[in-house]
Each structure stands twice: as C-alpha cells, then as structure tokens.
Amino acid sequence: MRNNWIYIILAILTFSILVLSCQSNEEIEHAHYYINGKTAYETHCQNCHGSKGEGLGLLYPPLTDTAYIAKNQNKLARIIKYGMSGEVVINGQTYNEEMPAETHLSPIEIAYIINYIGNSFGNEIGHYTLQQVQQDLTNATN
C-alpha cells in the first residue's frame, strides 16, 4: 500500500514537471525569432546602434527609447527595409543622419531583428510575426 502511494506521488510530480516545463508554440517561435534576431542585429545593425542599443553619439540614435519603439512598431519593418531620412527625436535628442536601406534582408530576417530590438534594451513589444512584417511591408507599397 505504501509503495502505491509513492508511485502515485511520483507520477503526479512527474506530470506536474512536464506540464509546467512545456512551452507553447508561440513561446518557442518567439525564442527562435529572438535568438536569430540577435545574430542578425549583430551583423546588420550593431555597427551603428551599438551592442547595447546605445547608438553612436549624435550620429545614430539609440534603440532604448521604449515609447518610440512601441509607438512605431508597425513602421519598424519599413524603416529596416527601406531606410529612414529626416529628423527623428529619440529620448529628447534630435538625430538627422540617414539610415541606409537594408533591401537585401528578407521579411523573415526583418521579423527576427524586430523581435530582438523590440524585446531588448528595455523594450517589451512581445512577439512580432513574419505575417505582421509582410503586412507592414505591403502597406508601405500601397
């Protein structure tokens, strides 16, 4: 009888560990995007925006303005793909250097970068999907 209780307790404990350690498909996808985004960021963005998103002096803005990132998250794909010119105010500082276009990046690479930027440097926009990037890029051409 005592052994039965031990087996029941072990079965419940094992089941609980399995249930609590499982991640949803969205959580797994987000982790995949984030990790690939870090690599893509380091390759394509870090030279100007810095390893910690701190920017480059008065030349290139930081990516640490969480309000700007959150407010403009649906524009990030277009900014990355097509570049940006004109004044932009980040953390109260005006920047007016042109950001070059990264037209060679695929929509999935852009989604990776947005997930990394959008969930690093104090930003918390959550998961940004490939479909959202494709929609954002389609809206830019309409």
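Every chain is numbered on its own, with residues counted from 1 as its sequence reads. Predicted model: local features are reported for residues with pLDDT of at least 70 only, side-chain atom pairs are reported and counted for 80 or more only, and whole-chain, interface and lining totals are derived from all residues. Values reported for side chains reflect all heavy atoms of the structure, with hydrogen atoms and water molecules removed beforehand.

Draft legend 1. Broad picture of the overall build of the chain. Strands are runs of DSSP state E lasting at least two residues, helices are runs of H or I lasting at least four, and both sets are numbered from the N terminus onward. Along its length, the chain carries seven helices and two strands. Start at the N end of the chain and walk to the C end: the helices and strands fall as α-α-α-α-α-β-β-α-α. Approximately 9,000 Å² of the chain is accessible, and the part contributed by carbon and sulfur atoms is 56%. Each accessible area is a Shrake-Rupley result for a 1.4 Å probe, and residues are judged covered by the shown protein chains and nothing else.

Draft legend 2. Spatial organisation of the pattern of salt bridges. Salt bridge criterion: a side-chain nitrogen from Lys or Arg within 4 Å of a carboxyl oxygen from Asp or Glu. Evaluation of the coordinates by the stated rule reveals one salt bridge. Of the charged contacts, one joins Lys38 and Glu42 as a salt bridge, the two residues approaching to 2.4 Å between their closest N and O atoms. With Lys38 and Glu42 both in helix α2 (residues 25-44) and four residues apart, the pair spans about one turn of that helix. When accessible area is computed with a 1.4 Å probe and restricted to protein chains, residues below 20% of their type maximum are described as buried, those above 50% as exposed, and intermediate ones as partly exposed. Lys38 sits in the partly exposed class, given a relative accessible area of 35%. Looking at Glu42, the relative accessible area reads 36%, which means it is partly exposed.

Draft legend 3. Highlighting the layout of surface pockets. Lining residues are those with an atom within 4 Å of a point, where the points come from a 1 Å grid over the protein atoms alone and group into cavities, where a 1.4 Å probe fits but cannot get out, or pockets, open sets with protein on both sides within 12 Å along at least five of seven lines. Grid points are joined across faces, edges and corners, and a volume is the space filled by probe spheres set on the points. The volume enclosed by the largest pocket comes to roughly 450 Å³. Residues that form the lining of the largest pocket fall into these classes: 18 nonpolar, four polar and four charged. Under the scheme applied, nonpolar residues are Ala, Val, Leu, Ile, Met, Phe, Trp, Tyr, Cys and Pro; charged residues are Asp, Glu, Lys and Arg; polar residues are all the others, including Gly.

Draft legend 4. Representation of the side chain of Asn115 within the structure. Positionally, Asn115 belongs in helix α6 (residues 107-118). Polar contact is defined as a pair of N or O atoms within 3.5 Å, subject to the rule that within protein one atom must be able to donate a hydrogen and the other to accept it, and that residues adjacent in sequence are counted only when both atoms are side-chain atoms. Looking at Asn115, its side chain comes within polar contact range of the side chain of His127, at 3.2 Å.

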